[in-house]
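Here's the letter readout for the chains.
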Amino acid sequence: MHGIVVRSTGSWYDVRTDDGRIVACKVKGKFRLQGIRSTNPVAVGDGVTIVETGDGTALINAIDDRRNYVIRRASNLSKQSQILAANLDQALLLVTIARPETSTTFIDRFLASAEAYRVPVLIVFNKTDDLGPEERETLSYWSTLYRAIGYDCFCVSATEGDGLPALREQLRGRLSLLAGHSGVGKSTLLNAFIPTANVKTAAISEAHETGMHTTTFSETYELPEGGALIDVPGIKGFGTFDMERAEVAHYFREIFELSHDCRFNDCTHTHEPGCAVLKALEEHRLAPSRYTSYLSVLEDKDENKYREAY
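The name given to the protein in an unreviewed UniProt entry is Small ribosomal subunit biogenesis GTPase RsgA, with Alloprevotella tannerae ATCC 51259 as the source organism. The protein has a UniProt comment under Subunit (unreviewed entry) that states "Monomer. Associates with 30S ribosomal subunit, binds 16S rRNA." Here is the UniProt Subcellular location (unreviewed entry) comment for the protein, exactly as written: "Cytoplasm".

Chemist: What is the right way to look at the pairing of strand β13 (residues 228-231) in this model?
Modeler: Two faces, one strand: in a regular strand the side chains alternate between the faces of the sheet. Neither face of β13 is open: one carries Ala-228 and Ile-230, the other Leu-229 and Asp-231, and all of them are buried. Pairing of strand β12 (residues 218-222) with β13, which is carried by four bridges, proceeds in the antiparallel orientation. By the bridge assignment, Tyr-221 is partnered in β13 with Leu-229. Taking the residues that link successive antiparallel strands as the turn, the β12-β13 hairpin has five residues, and the phi of Gly-226 there is positive, at about 100 degrees.

Chemist: Please clarify how the UniProt feature "binding site: Zn(2+)" (unreviewed entry) in the protein should be interpreted in this entry.
Modeler: According to UniProt, the feature "binding site: Zn(2+)" (unreviewed entry) maps to Cys-262, Cys-267, His-269 and Cys-275 in the numbering used here. Among the structural elements, Cys-262 can be located in the loop between α5 (253-259) and α6 (276-282). Judged by relative accessible area, which is 9%, Cys-262 ranks as buried. In contact with Cys-262, other than residues within four places in its own chain, are Cys-267, His-269, Gly-274, Cys-275, Ala-276 and Val-277. Position of Cys-267 relative to the elements: it lies in the loop between α5 and α6.

Chemist: Where do I start with unusual backbone geometry in this structure?
Modeler: If a residue is not glycine, its phi is most likely negative; likewise, a peptide bond is most likely trans. Here the residue pair Arg-99 and Pro-100 is connected by a cis peptide bond, since its omega of 0 degrees sits within 30 degrees of zero. By the secondary structure assignment, Pro-100 is in the loop between β8 (90-95) and α1 (104-116). One non-glycine residue, Arg-99, lies in the positive phi region at around 55 degrees. Positive phi outside glycine occurs at His-269, with the angle close to 65 degrees.

Chemist: Please clarify how the state of the cysteines should be interpreted in this entry.
Modeler: Here is the idea: a disulfide is a covalent bond, and it sits between the sulfur atoms of two cysteines. By the definition in use, this model includes zero disulfides. In this structure Cys-262 is not part of a disulfide, and its nearest cysteine sulfur, from Cys-267, lies 4.0 Å away.

Chemist: When you look at the nonpolar core in this model, what are you seeing that I'm missing?
Modeler: Nonpolar side chains tend toward joint burial in soluble globular proteins. Core analysis: the biggest nonpolar cluster contains 46 residues, and Phe-110, Val-121, Ile-123, Tyr-146 and Leu-177 have the highest contact counts within it. Among the domains, domain 1 (2-65) and domain 2 (84-231) are the pair contributing at least three residues each to this core. Once residues within four sequence positions are removed from consideration, Ile-123 is found in contact with Leu-93, Val-95, Ile-107, Leu-111, Tyr-146, Tyr-151, Asp-152, Cys-153 and Phe-154.

Chemist: Teacher, can you tell me more about the packing of aromatic side chains here?
Modeler: Here the distance between the centres and the angle between the planes together describe a pair of aromatic rings. Tallied over the full model, the rule gives four aromatic pairs. Ring centres of Phe-125 and Trp-142 lie 6.5 Å apart, and the angle between their planes is 50 degrees; this geometry places the pair in the tilted category. With a gap of 17 residues between them, Phe-125 in strand β9 (residues 121-125) and Trp-142 in helix α2 (residues 133-149) connect regions that are remote in the sequence. A single burial state applies to Phe-125 and to Trp-142, both of which are buried. When the ring of Phe-252 is compared with that of Tyr-294, the centres are 5.8 Å apart and the planes differ by 85 degrees; the resulting orientation is edge-to-face.

Criteria and thresholds
- As a convention, each chain's residues are numbered from 1 in the sequence order in which they are written.
- Reporting in this predicted model follows two pLDDT cut-offs: at least 70 for local features of residues, and 80 or more for side-chain atom pairs to be given and counted; totals over whole chains, interfaces and linings ignore these cut-offs and use all residues.
- Computation of side-chain values covers all heavy atoms of the structure but excludes hydrogens and water.
- UniProt positions are given in the numbering used here, feature names are shortened, and annotations may be inferred rather than shown by experiment.
- For every residue, the accessible area (1.4 Å probe, protein chains only) is compared with the maximum for its type, and the residue is labelled buried under 20%, exposed over 50%, or partly exposed between those bounds.
- Helix numbers and strand numbers start at the N terminus; a helix is a DSSP run of H or I with at least 4 residues, a strand a run of E with at least 2.
- Here, a strand pair is defined by DSSP locating no fewer than two bridges between the strands.
- When checking whether two residues touch, look at their non-hydrogen atoms; a contact exists if any pair is within 4.5 Å.
- Note that a disulfide, as used here, is simply two cysteine sulfur atoms within 2.5 Å.
- What is meant by a nonpolar core is a set of buried Ala, Val, Leu, Ile, Met, Phe, Trp, Tyr and Cys residues, joined one to another through side-chain atoms within 4.5 Å.
- All domain edges in this entry derive from an automatic or database-based domain assignment.
- Two rings belonging to Phe, Tyr or Trp (six-membered ring only in the last case) form a pair when the distance between their centres is within 6.5 Å. Interplanar angles under 30 degrees mark stacking, angles over 60 mark edge-to-face geometry, and anything in between is tilted.

What follows is the structure, encoded as C-alpha cells:
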C-alpha cells in the first residue's frame, strides 16, 4: 500500500494512504543498515510503501525517489544529516529583524542548501509591526538585497495580518515547508492561515530575546484554499551538508554569475588574481554579508566545526 508521510515524531510516522486513511507507521529496520547518513531516513513529504501489521499500524518498507528535499547537517553529528522535508513545491524561510534576530549567515546557508537541492525559497520577514526606525531600515536593506538576487520577499505581520493575503496566494495549491528559528512566529503564521490548527505559541525569552520551541515534531497542515504547510521544529543553526568546495559558489546566485568572468576556471574567490568576485566585492557590487556567508560555507569542510552545538 502506498501513501505520503504527513507527520513525524522521530520514532513514529503518520502516513496518509492513497485511499485517504491515516496509518501510524514505524520504519522497517533495514533502512538503518543501508548506509543512509541521516538521523531520519524517512521525512515528512516522502512517498512510501507500507505493509500493515494487523493491529492498526504498519511498517514502512520502501521510499519513493525524492524530487527534492531540504537538508542540513545534524547538530553534534558532523557526518550525519537531517532531512527537514521532501518533495516540496517551495520553502518559506520565516525570518525576523529583531526579537529574535535572524542572521544573514543563517539565511544564506538555508538558501544555498535549498539551491543545491532545487527547492525554491520565499523569504518572509515577519513581525513588521514590531520594528523601530533603524530596524525598518535594516528590513528595507535586506529585502532589497535578496530581491536583487532573485528571491521573492514578503514583509508581513502574522499577528496583525499585514501582508498575509499576498503570501496566501503564493501558498495556494502548493506543498510548502515553513522553516526558521524558534520565536520568529511560525506557529502564529500557521494559526493565521489555518485557524483550526490551534498550534501552540510561546512568548520570546526576555533575557536573551530568543524563541522557545513550541513545535516538537514535523507535521503537515492542510490549507483551506488548497495546498499544505509542513511545520518543523525551530532551527538553531544551519550547517550545510555534502557540498564540495568547488560547488559552493554555484549555490550563491550572484557569486556564480560573477564567477564567469574570473581568470581561472577553478577560482575559489578567496585570493586568486583576476577574480571577478573579489573585484565586485571591492567595488561594492557584491554584498559583504553574502561573501562572508560564502566563506563560512567553504569552511564547512572542517569536520571539527560541528563537534559542539552551534
